Amino acid sequence: MPHRLPALIADPPPAEGRLWLSNARLFEGTGSATRQGVCVLVEGGRIARVVEASEPPPEGALVVDLDGRTILPGLVDAHAHVGGSFDRPTPLKGAEALLPGTTAHHAAAELREVVRMGITTVRDVGSVGDVVVEARQAMRYGAFPGPRLLTCGRIVSPTGPGGRFFRGMYREADGSDDVRRAVREQLRYGADFVKVMTTGARTVELEDPDPPQLTREELAALVDESHRMGYRVCAHCEGLAGTELAIVEGVDTIEHGMYLNQRPDMLERMAANDQVLVPTLSFLLGLAASPTWTPLLLELGRHNVEQARLTLAAAREGGVRLAMGYDSSPLRSAGNELLAMIEFGLTPHEALVAATAGGAYALGLEDEIGTVEAGKLADLVVVDGDPLASPEILCDRARIWLVVRLGTPVAGTALERTPVAPA
Ligand SMILES: [Zn+2]
């Protein structure tokens, strides 16, 4: 039996019946042009057939006429912090402090909204506590509909200031044996992949994001242990020295990587080795626009936005695989990253591929999700209008008409008696 990620094991049971989605405009996610008049047959939670002609629906199928609306693969947010501070309200002075279980309810409410917006898979790249694994267990047993959740457990990081700033989010590890043990601890926990802080973070003024934080031996041990056990490695990368180390040592996804425009040879190497870049533009833009950061970090943040703009163009030119990662809150608004990628130079088609097939590849799930093709899991979104002509509709709750998870219609205006605008 092939290795299966915990997130797939935790998927809720697929729909048993047949679903016939007819009269659709199709964005397949494979790179081919959009097609009209398509019908999609879903059977047992998977896409059984994609047909062009308007043939009669198969017997016993639930027929849904899409009336020319666009069907596309469910979106993938490849860089999220589900259990971070994002989902927690801050009580006013004098109000009762949050009770221990309250956070989980807020996380569940947010995850419902995530799937409501057509985001059917989320990769959690570092969170505090157990809210991610708890939420996915609850979804497995039908507590509420939400996206498939992949998690790294704790981020593996060498001992450093970040461990103090992001208390509870890191597993600090030093020396090859300890790093290997840290990887094993995450797999023991139910992680789907391993995340490493190859460089310091731009959000911690005590960290220098330039030099690699780990030695080559430590990173090599981390990658070896992860790959040996069948897991992918995701690396936080800012400065070029650390980014180069991550690329050379064979990590699978480079997060941020905003200075790579200065190293076309490294972009070439990423393209040749199918290493994925997750540019997280929204976070960079948000930081640069927020006076809540220290002046030093704000200045660096503004510089990083311009670097990221050059890097996205260079990565696109160099044929580097891209995935959409929002790295911001609220999680439901991840479609904003799609718009940012377009603003920074991708065509809407390229950005949509990054948000679907690109994300699936980044997560190692390219055989299961990311395109609308026979055999794939039926995680689908139907939107009112053409997202290639008007990509902003993917951020408009009223235009998300139907979301299907594993063959089951779970959200969308089609299921709501009175469509309501977001509050
Ligand atoms: Zn992040």
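One can find the structure itself at the top, above this paragraph.
Residues numbered from 1 in each chain as written. Predicted model: local features only at pLDDT ≥ 70, side-chain atom pairs only at ≥ 80, totals over all residues. Heavy atoms only, no water.

## Focus: helix α6 (residues 216-228)
Along an α-helix, residues three or four positions apart point the same way, because every turn accommodates 3.6 residues. The end-to-end C-alpha distance of α6 is 18 Å, a good match for the 18 Å that 13 residues give at a rise of 1.5 Å each. Turning to α6, its buried residues number three or more, namely Glu218, Leu219, Ala221, Leu222, Val223, Glu225 and Ser226. On its buried face, α6 is in contact with β9 (155-157), α5 (176-189), β11 (193-197), β12 (232-237) and α7 (240-248). Looking one or two places after α6, you find Gly230, whose phi comes out positive at around 90°. (Helix = DSSP H or I, 4+ residues; strand = E, 2+ residues; numbered from the N terminus. Expected span 1.5 Å × (residues − 1). Buried < 20%, exposed > 50% of the residue type's maximum accessible area, 1.4 Å probe, protein only. Contact = heavy atoms within 4.5 Å.)

## Here we look at the state of the cysteines
Two cysteines form a disulfide when their sulfur atoms are joined by a covalent bond. A complete count under the given rule lists 0 disulfides for this structure. The thiol of Cys152 is unpaired, and the distance to the nearest cysteine sulfur, on Cys234, comes to 6.8 Å. (Disulfide = S-S within 2.5 Å.)

## Let's talk about the pairing of strand β17 (residues 408-411)
Across 3 bridges, the pairing between strand β16 (residues 400-405) and β17 is antiparallel. Within β17, the residue paired with Val404 across the bridge is Pro409. (Pairing = 2+ DSSP bridges.)

## Let's talk about the environment of Leu26
Within the secondary structure, Leu26 is located in strand β1 (residues 18-26). Sequence separation of Leu26 and Ala15 is 11 residues, and the distance between their C-alpha atoms is 22 Å. Among all residues touching Leu26, those that are not within four sequence positions of it are Ala33, Thr34, Arg35, Val38, Val50, Ile71 and Val372.

## Description of the nonpolar core
Generally speaking, nonpolar side chains in soluble globular proteins are found buried as a group. If you look at the biggest cluster of nonpolar residues, it comprises 104 residues, and the most contacted ones within it are Leu222, Ile254 and Leu260. With 7 residues, helix α12 (residues 348-362) is the largest single contributor of residues to this core. Beyond its immediate sequence surroundings of up to four residues, Leu260 is in contact with Leu240, Thr243, Ile247, Ile254, Met266, Leu267, Met270, Leu277 and Thr311. Within the second largest apolar cluster, 18 residues are counted, among which are Leu26, Leu66, Trp401 and Leu402. (Core = buried A, V, L, I, M, F, W, Y, C linked by side-chain atoms within 4.5 Å.)

So far we have only geometry, and geometry alone does not tell us how the molecule works.
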